[in-house]
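Results of the structural survey
So you can see what is in the structure, the chains are spelled out below.
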Amino acid sequence: MRLWHLALPMLALLLPAAGPADAEPATPICAGCHQEAHASIASTFHGQKNDTMGSMCQACHGDASAHLQDPAKNRMVNKFAHASPAEKSAVCLTCHSGNRHLSFWESGKHSKNDVACTDCHNIHDKSKALSVSPFVTTSRPIEADICGNCHKQIRNATLKPSHHPILEGKVKCSDCHNPHGALTPMMLKQETVNQQCYSCHADKRGPFVHSHPPVEENCVTCHNPHGSSHEKLLNDKAPNLCQDCHVTGKHPTNFYGSGQSWILPNGAQNTSPNTRFIARGCLNCHNSIHGSNAPSSRGQALIR
Amino acid sequence: MNAKPLSLLVASLFAAPAAMAEEQPADAFRVFGVVGVGGIATDDNAADASKLNEYRDLSNGVLTLVDVKGRGTRHWFDLFGENLGRDDQYVNLRGGSYEAYKFRLYSDALKHNFLFNGITPYNGAGTDTQRTTFPRLDTSAWNPLDIGYKRRDDGVMFEWQKAAPWYARVEANQVTWSGSKPGSASQGTSPGNGFVELSFPVEYKTRNAIVEAGYNTRAMRFDLSWTASKFDNDHDRLTWTNGYFGNGIDTTYLPADNRYQRLMGNAVFRDLPMSTTFAARFTKDELKSAFTVGTSVLDGTAGQITSTLPNMSVFDGKVKNETFSASASSTPMKALDTKVYFNYRKRDDESSNIVFDAPDTTERVPFSYRKNNYGFDAYYRFNRANRAGFGYDYLDTKREGRDDFDRTKDKRLFLEWKNTSLDELAARLKYTRLERDANFLHANDGITTSDPAYLNRFVTAFDLSNVNQDQWKLTLDYTPIERLDLGLEGISKVNRYKENTLGRLKEERQEVYLNASYSLHSGVRFTVFGDVEEIKYDSQHRIIGNNALGGAFDPDSAANASNYNWSGNIKDRNWAAGIAFDWPAMAKLTLKASAIYYKTDGMVDLSLQQGVPSSVVAPAPIPAWDDSKRTSITIKGVYTFSKTLSFTGGYAYEKYDYSDSQFNGYQNVVAGSSNQNSYLDGVYARPQYRANIVFGLVNYHF
C-alpha cells in the first residue's frame, strides 16, 4: 500500500491554501427557467466552468442572446434533437478535440459509423442505464452496459460461463479498446492483439525456449476474449481444438468420444477412462501450451 | 489494505473545507458524497464453490462504500472505494486542477478462484516443491487443496497540462499475483504413462511505467512515449514427485522473468485539404528473457537422469517488434467519407539458437513475421435516410518459423447499407467477404501414397490455411411508440476451409439477439432480452493403423479396418433470456430486480468413413460438452429515510448446473499398470452450486 502514502500529498495539492481560493461557482442565468438542467451539471466539470451568462450552456446549446431577450418568442433550437451524429459530435469537439484520448477519433470506427458523443455520454443525465445482470459486488456503473447498447451480442457474451470479469467490474471494454478511436484494427489500444493481451497477461509474453507459433501470432486463434461456453475462454475444447491443427498421426488423430469418458454410453462406470480425453484432454499432459522453457523434447512437446 | 491511510484520507477531505473556511469568507470548494457500511451473507450448497466465487468475494462479512467528490472552480477530486478489506476491494482517487494537472491513484483487487475442497496426494501443493511417495491410491489420506490467486493492481498517474498545448504524463502500476493456479504434467513421455494434476505456484509481479510528452492542439498533435514493463516470477521452476519415473523428482518450468520496453510516437494533423485528418503511429519494442536452461531430465522408471546437452547454459530470449500505422480520413466531396490506411508489423525473434542433443536432438525454431496491411473504407450518404458503405482490406503476411505455411494473403471486402428513413426505425445490413490464399509448403510431399510424407499434403492448420468467409450482420432499432425501444441484432458467419482435407473443414456461427425496453411516465422502467446462438465446427481426421497397407497415407483412399478417416461435428448452442425492472414504488422506495437464465448445450458427433468394416468399433458421440444452466435473480431496494440517510438492501439467488462428458463420473485416480496411475485433484469437476445471498448497506449522504 505504499502508493497510498502518496494520497495525502496528492490531496494537499488540491487545497488552495497557498493560492487563490476556488471562486463560488456561478449560477447561470439559464437556471432561472431551466433549474433541473442546471442542477444536473452544477457539480460536474461542465458546471464548475459556467458563469452567470451561462457560457457553458451556450457552448453546447448555441447562442442564447435572442432567447434571453424574449424566451417565449425566441425559442432555442435543440441542436441535439435532429442533428446528424457528426453535427452532434462537432459540438463536443469544439472544446474537446484537443483532448489526448480523442486524438484518433477521425481514424476510428465510431466516427465512421455515425456514433455521436451523445450516444455514450450524457452530461445532464447521470442515471444508470437499466441492464440485466447477475448479482455483483460492485456498485460502479458497468461500461459494458453502455457499449452493449449497440454491441448487444458482445454484451451477451460477457454472461457466458467463461468470461473476463467485466460485469464484476474488474475489466472494462476500454481496458482493451479505445472507443474514441485508434489506429489498430478493432480500435485496440495496443498495436497488435497479442500485445493487448500481454498488457495484463505478462507471464505469456515469453520468449520461450520452445514456442507455439499460433500462440505467438494471434491469441484469438484459440481464445474468445468476450466470453465462451468453454473454460479459459477457449473457442472450443481440447481435444477438438487441438485436433483441428494436429492431424499428423499417432495419438493426436485418434477419436475421443464418450466411450473414453468416465461414464460409458450405457451408463456404467468406465474402468479405464482415456487420460487423453477426460478432465482437460490434451492439456492434461501438454500443459505448457503457451510455450515452454523445458529442455529437449520435454519442452518441444510442451509437456513440462 | 491498511485502513489507517484511508481514514486519514477521508478525514482530511472533511478538514480541508473547514480549513479553507477559516481562511476565506466564501468557501466555494464543496465536498459531497455518500459513505455506506453494511454486510453480506451467503449460503451455498456447493461441493466446490469456486465457480460461485470465481471473481466475486461473497464471503460473509462487512461491505463498505465511499463515494466522495470535491468540486471547486479550480480544483476537483473523486474518491471512490468499495468492499474495503475484501478480496474484490477497489479504491480510486482522481483529482486535479482544471487546465493545470490531473492525477489518479488506484488499487484494484480480485481473487480468481479455481478450486475449493479439492484433494491432492502431494505435500506442499501450491509451492514450488511438491512431494509424495507413489502409488497413493487411497484418496482418503490425501491432503485438502484450494486453488486460486489474488491479483492486485496498484497504480498512479500524473499529467501536467499547465504548459498547454504541451503536456507531460507519467503512469506507473504494479500488478501482483499471489496464490496458485491449476496445472498438470504427463508422467512419462508416452500418453499411456498417466498424468498428475498439480497446483502451480503463482507469485508474479509486473511493474509498468509509461512516460509521455506531447503537443496537443485541435489542428495538430504529436507525442512520444516510452514504456517499460518488468515481469518477475518468484518461481521459475516447480519440482514434483513423478510416480511413473520411480518417484524421482521431475521439473516443470514456469514462466521466466521478462523485460519489455517500447518507444511509441504518434502524430495527428487535422484540417488538411478535403477535410482530411492524417494520423500516424510508430512503435519499436524489445522483449527479453534470460533463463538458465535445464541440463537434465528425469528419464526412466528407476528414476534415471539423462543429460540434455544444451549448446549453451543460458537462453537469451529476445524478440523485437516494429510497427507503423497511418490513416487519412477525408471528406473529398459532400456526403462522402473516406479512409485509407496502412499498417506494418514486423516481429523478429533474435533469441539464442539453442540446441539440445539428448535424450533426443531438439532445436529451437525462432518465429518471425512481416505483415503489410492496407485498405480503404468509403461511405456515401445518398440522402438523409440512406447511407452505403464499401471497403477493401488486404493483409500480406510472410512468416519464418512455421514449417507448414510461409505466406498468407487475406483479402477482405465489405458492403454496408444503413437506412433511417423512418424516424422510429434504423436498420443496418453489412456483408463481409474474406478470402485467404496461403502458400502451403507441403503440397508436394511424399512420392507415393505409401510414403509417410505423403500425408503432409493434407495436414493444413486452420489458422493459416485457405479459407473463404461470408459474414452477414443485421441490426434493427425500432421505437414504435414513445418510450418503447426494440432492438434486433443478427449475425451469420461461415468459414469454409475450401482446400482442407484433414483438420477443420468448416465453421459456422449464427446468433440472434432481441431486446425491448420500456419506461412509463411514473418512472417504471423495464428491459427484456433474448439471445440464441449456434456455433458449429466440422473436421476430418485420419487413423493409420497399418503403414504397410496401400493408401495408408492417402485420405482419399478407400477405408479398411486399419486405415480410415473419421469426422467430428461439434455443435454449441447457447440460449439466454433476461428481464430487469426499476420501479419507484413509493416516494422513498425504489425497487430494482433482474433475472437471467443462460443455457449452454454442446455436443460432438463422431462418424467413420464410409466403408469402414463393422469390426472397427465406431466412436460414441459426446452428448454433454460444457452443458450448463445458470439462473440469477437479484432483487434490490433503496429506501430513502431522509436527505442524509438511505438504506440499500436486497437478495440474490443463483443456481448453476453443469454437465460434461470429460467430468461426469469424475474420480481422483485413474488406475494404470506399472505405476502409470493418474492422479487428479478435482479442479473444474464439480462447479455446480446453488446460493442465496443477502446484502445491505446503510448510506450517509452529505
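Here the structure is a predicted model, which means the values were calculated and not measured.

With that settled, consider the interface of chain A and chain B. Between chain A and chain B, the contact holds 141 residues from the first and 239 residues from the second. Taken together, both faces of the contact between chain A and chain B bury some 15400 Å²; the carbon and sulfur share is 57%. Counting across the chain A and chain B interface gives 19 salt bridges. The tally of links from chain A across to chain B stands at 74 residue pairs in polar contact (both at pLDDT 80 or more). In terms of residues, the side of chain A that touches chain B owes the most to one element, helix H1 (residues 7-14) of chain A, which gives six residues.

Residues and elements named next belong to chain B. By the bridge criterion, 11 bridges tie strand S1 (residues 30-44) to strand S2 (residues 61-71) in an arrangement that is antiparallel. What sits directly across from Gly39, in S2, is Val62. Examined bridge by bridge, S2 and strand S3 (residues 75-82) share seven bridges and lie antiparallel to one another. Across the sheet, residue Leu65 finds its bridge partner in S3, namely Glu82. Two successive antiparallel strands, S2 and S3, enclose a turn made up of three residues.

To continue, consider unusual backbone geometry. At the junction of Gly206 of chain A and Pro207 of chain A, the peptide bond is cis and its omega measures out at -10° in the coordinates. Within the secondary structure layout, Pro207 of chain A lies in the loop between helix H12 (193-198) and helix H13 (213-217). For the bond running from Ala164 of chain B to Pro165 of chain B, omega is 10°, close enough to zero to count as cis. Mapped onto the fold, Pro165 of chain B is located in the loop between strand S7 (143-160) and strand S8 (166-186). Positive phi outside glycine occurs at Asn675 of chain B, with the angle close to 60°. Relative to the helices and strands, Asn675 of chain B resides in the loop between strand S33 (669-670) and strand S34 (678-679). Look at Asn675 of chain B and you get partly exposed, because its relative accessible area is 39%. At Tyr684 of chain B, a residue that is not glycine, the phi angle is positive and equals roughly 70°. Along the chain, Tyr684 of chain B falls in the loop between S34 and strand S35 (689-701).

Grouped together as the largest cluster of nonpolar side chains are 42 residues, with contacts concentrated most on Phe135 of chain A together with Ile40, Phe663 and Leu680 of chain B. Elements with a contribution of two residues or more to this core: S2, strand S5 (101-120), S7, S8, strand S9 (195-216), strand S32 (645-659) and S35 of chain B. Of all the elements, S35 of chain B adds the most residues to this core, at five residues. In terms of nonpolar packing, the next biggest core, distinct from the first, is built from 16 residues, Phe277 of chain A together with Ile543, Ala559 and Trp566 of chain B among them.

Calculation criteria
- Residues numbered from 1 in each chain as written.
- Chains lettered and ligands numbered in written order.
- Predicted model: local features only at pLDDT ≥ 70, side-chain atom pairs only at ≥ 80, totals over all residues.
- Heavy atoms only, no water.
- Contact = heavy atoms within 4.5 Å.
- Buried area = accessible area lost by both parts, 1.4 Å probe.
- Salt bridge = Lys/Arg side-chain N within 4 Å of Asp/Glu carboxyl O.
- Polar contact = N/O pair within 3.5 Å; in protein donor to acceptor, adjacent residues only side chain to side chain.
- Helix = DSSP H or I, 4+ residues; strand = E, 2+ residues; numbered from the N terminus.
- Pairing = 2+ DSSP bridges.
- Buried < 20%, exposed > 50% of the residue type's maximum accessible area, 1.4 Å probe, protein only.
- Core = buried A, V, L, I, M, F, W, Y, C linked by side-chain atoms within 4.5 Å.

Take it as geometry only, folks, not as evidence of what the structure does.
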